Amino acid sequence: MEVLIREEEPKNAAEQARAASVLFTLLGRVIHGVPDSELLTALANERAFDEVPFVEGEESEQALKMLAAWNDGCSVPFSEKDFHDLSAEYTRLFVGTRRVVAPLWESVYFNKERMVFQHQTFEVRAMYAKHGLEVDLISREPDDHLAYELMFLGHLLARGVGFFEQGESGKMRETLVDAVSFTVCH
């Protein structure tokens, strides 16, 4: 019995990593750039956030309740008014007219002047480069934008699963260590 459990653990870990990869990539896409009407319509109509993996703790449960309440308040199917309201809230929070309420760049939170393209930006850029990636709008959108960071974690987890499936445990371990390190540091 003990041997069977040990054999199942890597498969279970791979499935969890695959699910986390999908979740991080999806969240990155949701907050990347101008809201995507098709994506948000599909998420709302299918109530995608009713079952989110890895949610533990009071704050996470509260966030899920807020997402459910938002989804309950939307038309079925998701309407243009719903999209307009969500886009306006996105702009209020993440774009702003004078001062951004909730900046999506990591570096902003580490200096009084709320400046981008700081030390954190270049640390993140170096980690992306280590894995052969580069931000598509280099020098226009800082690399430490939360959307990029989430999609990068999704990429690393998917890559780790790929190495697992190919039997390359060393590369898998290295990739997953980078994912954990990136999460802790950024």
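Please refer to the structure higher up on the page.
Predicted model, so just to flag it, every value in this text is computed and none were measured.

## Describing the environment of V135
By the secondary structure assignment, V135 is in the loop between α5 (119-130) and α6 (146-165). Distance from V135 to F152, taken between C-alpha atoms, is 9.9 Å for residues 17 residues apart in sequence. Contacts of V135, omitting those with residues within four sequence positions, involve Y128, E141, D143 and Y148.

## Considerations on the nonpolar core
The biggest cluster of nonpolar side chains holds 17 residues, and the ones touching the most others in it are V30, I31, L40, L43, V52, F78 and L104. When residues of this core are traced back to their parent elements, those giving at least two are α1 (2-31), α2 (37-45), α4 (80-95) and α6. In terms of residues, this core owes the most to one element, α2, which gives four residues. Apart from the residues within four sequence positions on either side, I31 is in contact with Y90, L104, H145, L146, A147 and L150. Residues M127, Y148, F152 and F182 belong to the second largest nonpolar core, which totals 14 residues.

About the thresholds
Residues numbered from 1 in each chain as written. Predicted model: local features only at pLDDT ≥ 70, side-chain atom pairs only at ≥ 80, totals over all residues. Heavy atoms only, no water. Helix = DSSP H or I, 4+ residues; strand = E, 2+ residues; numbered from the N terminus. Contact = heavy atoms within 4.5 Å. Core = buried A, V, L, I, M, F, W, Y, C linked by side-chain atoms within 4.5 Å. Buried < 20%, exposed > 50% of the residue type's maximum accessible area, 1.4 Å probe, protein only.

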